[in-house]
Amino acid sequence: MEDRQQVNRDLAKMLKGGVIMDVVNADQARIAEAAGAVAVMALERVPADIRKQGGVARMSDPRLIKEIQAAVSIPVMAKARIGHIVEARVLEALQVDYIDESEVLTPADDRYHIDKAAFQVPFVCGARNLGEALRRIGEGAAMIRTKGEAGTGDIVEAVRHLRTLFEEIRQVAKAPREELMTMAKEMGAPYDLVLYVHQHGRLPVVNFSAGGVATPADAALMMTLGAEGVFVGSGIFKSADPAARARAIVKAVTCWQDPVAIAAASEGLGEPMAGIDTRAMDEAARYAPRGV
Amino acid sequence: MTAMRVGVLGLQGGVAEHLAMLRPIEGVVAGSFMRVSELERLDAVILPGGESTAMGKLLAEFGLLEPLAARIAGGLPVWGTCAGLILLAKDISNDQRHHLAVMDITVDRNAYGRQLHSFIGAELIAGLPGGPFPLVFIRAPRITRLGPGVQALAKVAGEPVACRQVNMVATAFHPELSGDDRFHRWFVELARTAQTGIASRKP
């Protein structure tokens, strides 16, 4: 493995057991850092606002990204549209620590993702299942997040995607070796990465959970199911008391095995974000099926 | 030989990687810890890489700052990697915050730049046989001052990247990510010597 690929995968290991929070400006970034976030994700609008306001969602204004970088010392990630090579090059030029090639923004390419191996800066990408995760890793992603359904505050899709990923990893791990090529063909995944999963029983990169976390208990649930950390988008800054909720979610991720601590962290946080029941959503309103 | 109980601070970060390095070492029982009651039973502690601001905040919330600082002052062998080094440092440049503040060094956080500047090298480390050791630097802190009692163990471009002050060891790089267990074995030996020393001083 090349040094650059290794240090990019290694940075994600340092984020494990932590919470990465969506922020749209420097003030939110400071709140996130003070609450104990391990990184912030810069984007133009949080997913709940993208849903409400509609229109095309794009990369943030570079000035806002620079202000966020100046405001905090934790890693700063930023979102680029799927397939938008130039947004990603701009983010690399801004020296963000991680680029999220994200289905939450409006895709720029409905057929191809970015050739992430051509970049020095690492990428995180979303996935709903093992095939999707391995395709992104094959393109050069150094970290995966299961997608969930961003901006809904409904945890069911995050649970479905994480469970699906682990179920498929278990199938590959226990399959006889002669079945692996057919599995690779059927899930549309590179054979060498299927072989890695077969041999190691896990992805070759860190996997966080995203898309729907609104409460400390939601975050701890994803840790319980095997996520190595959690992304929280609208769940924090669309709630009544973002600072308190951010602290509580960090605490719950650290103490995911301790219900007494989660209970204490969950007390008196005020209103969570208003949710959307994903079962009632139109297919076209879903972000997760974008860029698979 | 009694088992050496090594605890990796389990609040956040590269915990599993340290445990995977420690577990094959004979005579070592390794686990993660995040409670004061767990700290009391340990013979040596590793503070892993991660985000120092997040870890420092959680250390305070879990009531670990003072008990851990007191045990280290009392001679508990401790090794901080990257963020763990920042937790140990007495002074952090351009930052009023400090955490355990037990080791007489000054560090500059993320001084090697952003993720684009993370790199892998190799250098000889004092006391470590077997040739150059792989050095994995990830958004690494820079050690800008060593106090009089602190010894540099390795340097990159003339600057210290690993140092020791009696029972305290700090590395700006990540041996737990290097696939080479020599540094972990060396730390366990250091801890074992300290343990024997403490035991022999008992009346």
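Keep in mind it's a predicted model, so treat the numbers as computed, not measured.

Procedures and definitions
- Residues numbered from 1 in each chain as written.
- Chains lettered and ligands numbered in written order.
- Predicted model: local features only at pLDDT ≥ 70, side-chain atom pairs only at ≥ 80, totals over all residues.
- Heavy atoms only, no water.
- Phe/Tyr/Trp six-rings, centres within 6.5 Å; stacked < 30°, edge-to-face > 60°.
- Buried < 20%, exposed > 50% of the residue type's maximum accessible area, 1.4 Å probe, protein only.
- Lys NZ or Arg CZ within 6 Å of the ring centre and 35° of its normal.
- Axes fitted to C-alpha atoms, helices over the stretch in contact; angles between N-to-C directions.
- Helix = DSSP H or I, 4+ residues; strand = E, 2+ residues; numbered from the N terminus.
- Parallel < 35°, antiparallel > 145°, perpendicular 65-115°, else oblique.
- Contact = heavy atoms within 4.5 Å.

Student: Lay out the packing of aromatic side chains with the relevant residues and their values.
Tutor: Scanning the entire structure with this criterion turns up 10 aromatic pairs over all chains. Geometrically, the ring pair formed by A:Phe119 and A:Phe123 is edge-to-face, given 5.1 Å between the ring centres and 80° between the ring planes. Taking relative accessible area as the criterion, A:Phe119 reaches 5% and is therefore assigned buried. Ring pairs connect the aromatic residues B:Trp79, B:Phe119, B:Phe133, B:Phe137, B:Phe173, B:Phe183, B:Trp186 and B:Phe187, which therefore count as one cluster. If you follow A:Lys251 out to its NZ or CZ, it ends over the ring of B:Phe62, 5.6 Å from the centre.

Student: Please give an account of the packing of helix H10 (residues 216–224) of chain A against helix H13 (residues 259–266) of chain A that cites residues and values.
Tutor: Residue and element names in this part refer to chain A. Between H10 and H13, whose axes approach to 9 Å, the crossing angle comes to 150°. In terms of axis orientation, H10 runs roughly antiparallel to H13. Seen from H10, the contacting residues are Pro216, Ala217 and Ala220; seen from H13, they are Ile262, Ala265 and Ser266.

Student: Pulling in residues and values, what's your account of H10(A)?
Tutor: Residue and element names in this part refer to chain A. Those residues of H10 that sit buried are Pro216, Asp218, Ala219, Ala220, Met222 and Met223. Where H10 is buried, its residues contact helix H7 (156–174), strand E7 (206–209), strand E8 (230–232), helix H12 (242–254) and H13. Backbone geometry just after H10 places Gly226 at a positive phi near 115°.

Student: I'd like a rundown of the environment of A:Met21, residues and numbers included.
Tutor: All names here are of chain A. Checked against the element boundaries, Met21 lands in strand E1 (residues 19–23). Taking relative accessible area as the criterion, Met21 reaches 0% and is therefore assigned buried. For the pair Met21 and Glu33, spaced 12 residues apart in sequence, the C-alpha separation works out to 9.0 Å. If sequence neighbours within four positions are ignored, Met21 has contacts with Ala32, Ala35, Ala37, Ala39, Val40, Met41, Val232, Ile236, Ala246 and Val250.

Keep in mind these numbers describe shape, not what the thing actually does.
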